[in-house]
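# Structural features, examined
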Amino acid sequence: MTTLAARLTRTRGKAVRPARLPRSLGRVLATAGTVFLLSSALTFGLGALSGANPAAAVLGETATPADIARMNHQFGLDRPLWEQYLSWLGHAFTGDLGRSWFTTVPVATSIRQAIPVDLSIAGLALLIAVVLGGAAGVAAALRAGGRLDRAVTALCALLGTLPGFVVAIVLVTVFSLKLGWLPSGGYVPLDMDPAQWLRYTVMPAFALSLEAAAAIARQLRTSLVGTLRENYVTGAVMRGLPARRVVFGHALRNAAGPALTALGMSVPMLLGGAVVTQQIFALPGLAQLTLQSAEQHDIPVIQGTLLVTIAVVLVVNVAVNAALLALNPAARRRGVTRR
């Protein structure tokens, strides 16, 4: 009879087999590249079709047709649209996202100043979501059908429908206005003062993390309950392996796929929710920069921030898919490229 150790060893051997992994990763990267090109074309096309005219906006009502034509030529807006797109995309690959129509500040400079805020909030939110959602999902799965399982399921259903900005307002009211423990707004860079950085980022990160934590807990609970009913888990228990080793050493690895997928899908949600959250906490992040640019019809800044956001989301999705391929041989055989 095949021993559990031999079975697990064979399973791990499949997970790290080098022949198929590069091919599957290549499919993931090809899909991400295609999505990036399509998204960049859509982003640029929507900006170009918005009808915003920097010459009329900057020069005002006193501008003559000759002045408007000169400024359109200066910004390259008198060229065909496809030529403008290719030029914009080519410069973007070198880090040049153009200049703001109104401040003439390079868009890349504005993004470099703003994006650490978004990465700080999103990174801390993901960490909180993984810890809370992972712990809740494992605890509910180990007590499937019990009171704790029902309580976790009900709490996840509630958090899944609770908007992040509502949680943010409640947190500000309780921890800033009533208790005075945490600041209600502002931001301190991590490299300047880590303790103050944590005080300023913990509330917006927690507000954004709850929906993602609920999704991770639901997916992990369902997947782990099914995995714990597998024959190899039953055999491991009957052979006397410690329960902790069976759950955390073997079953959790095979059950982590859906939770990882939920984690990857949470990143666009976190970045989208940051628009309102950054307004509430007065955070000078990428979402605020995009919102201010949209109010001014500053198309280069909008296009630049959207392009960077798309790149961040795709990088995270590629990382999640790579983790899925490493953890789950079945996912690798299917070529997990569709998200």
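Residues numbered from 1 in each chain as written. Predicted model: local features only at pLDDT ≥ 70, side-chain atom pairs only at ≥ 80, totals over all residues. Heavy atoms only, no water.

Where an unreviewed UniProt entry is consulted, the protein appears under the name ABC transporter permease, with the organism given as Streptomyces rapamycinicus. Among the UniProt annotations of the protein, the heading Subcellular location (unreviewed entry) holds the following wording: "Cell membrane". Recorded in UniProt under Sequence similarities (unreviewed entry), the annotation for the protein is "Belongs to the binding-protein-dependent transport system permease family." (UniProt positions renumbered as here; feature names shortened; annotations may be inferred.)

Right, let's get into helix 10 (residues 231-238). Taken as a whole, helix 10 has its buried residues at Y232, V233 and A236. Relative to the axis of helix 10, the buried residues are bounded by an arc of 100 degrees and lie together on one face. Structural note: helix 10 exposes N231, V237 and M238 on the side pointing more than 90 degrees away from its buried face. Immediately downstream of helix 10, the backbone of G240 shows phi near 90 degrees, a positive value. (Buried < 20%, exposed > 50% of the residue type's maximum accessible area, 1.4 Å probe, protein only. Helix = DSSP H or I, 4+ residues; strand = E, 2+ residues; numbered from the N terminus. Arc of directions from axis to C-beta.)

The next subject is helix 5 (residues 81-93). In this model, helix 5 (13 residues) spans 19 Å end to end at C-alpha, consistent with the 18 Å of a helix rising 1.5 Å per residue. Along helix 5, the positions that sit buried rather than exposed are Q84, Y85, W88, L89 and A92. For helix 5, the angular spread of buried residues about the axis comes to 125 degrees, placing them on one side. Helix 5 presents W82 and F93 as exposed residues on the side facing more than 90 degrees away from its buried surface. (Expected span 1.5 Å × (residues − 1).)

This next bit is on the side chain of T227. Here T227 is to be found in helix 9 (residues 194-228). Note on T227: relative accessible area 8%, which makes it buried. Of note is the side chain of T227, whose polar atom sits 2.9 Å from the backbone oxygen of S223. In this view, T227 contacts Y232, V233, A251, N254 and A255; residues no more than four positions away in its chain are not counted. (Polar contact = N/O pair within 3.5 Å; in protein donor to acceptor, adjacent residues only side chain to side chain. Contact = heavy atoms within 4.5 Å.)

Here we come to the UniProt feature "transmembrane region" (unreviewed entry) in the protein. Per the UniProt annotation, the sites labelled "transmembrane region" (unreviewed entry) are residues 119-142, 154-177, 197-217, 260-281 and 301-327. The distance from the first to the last C-alpha atom of residues 119-142 is 34 Å, and the span holds 100% helix and 0% strand. Counted over residues 197-217, helix gives 100% and strand 0%. Its end C-alpha atoms are 28 Å apart.

Let us look at a nonpolar patch on the surface. On the surface, a nonpolar cluster with roughly 300 Å² of combined accessible area is contributed by F165, I169, V275 and V276. Contributions of two or more residues to the nonpolar patch are made by helix 8 (164-178) and helix 11 (243-280). (Patch = residues over 30% accessible without salt bridge, like charges linked within 9 Å, V, L, I, M, F, W, Y side chains within 5 Å. Areas by Shrake-Rupley, 256 points an atom, 1.4 Å probe, with all protein chains shown as cover. Salt bridge = Lys/Arg side-chain N within 4 Å of Asp/Glu carboxyl O.)

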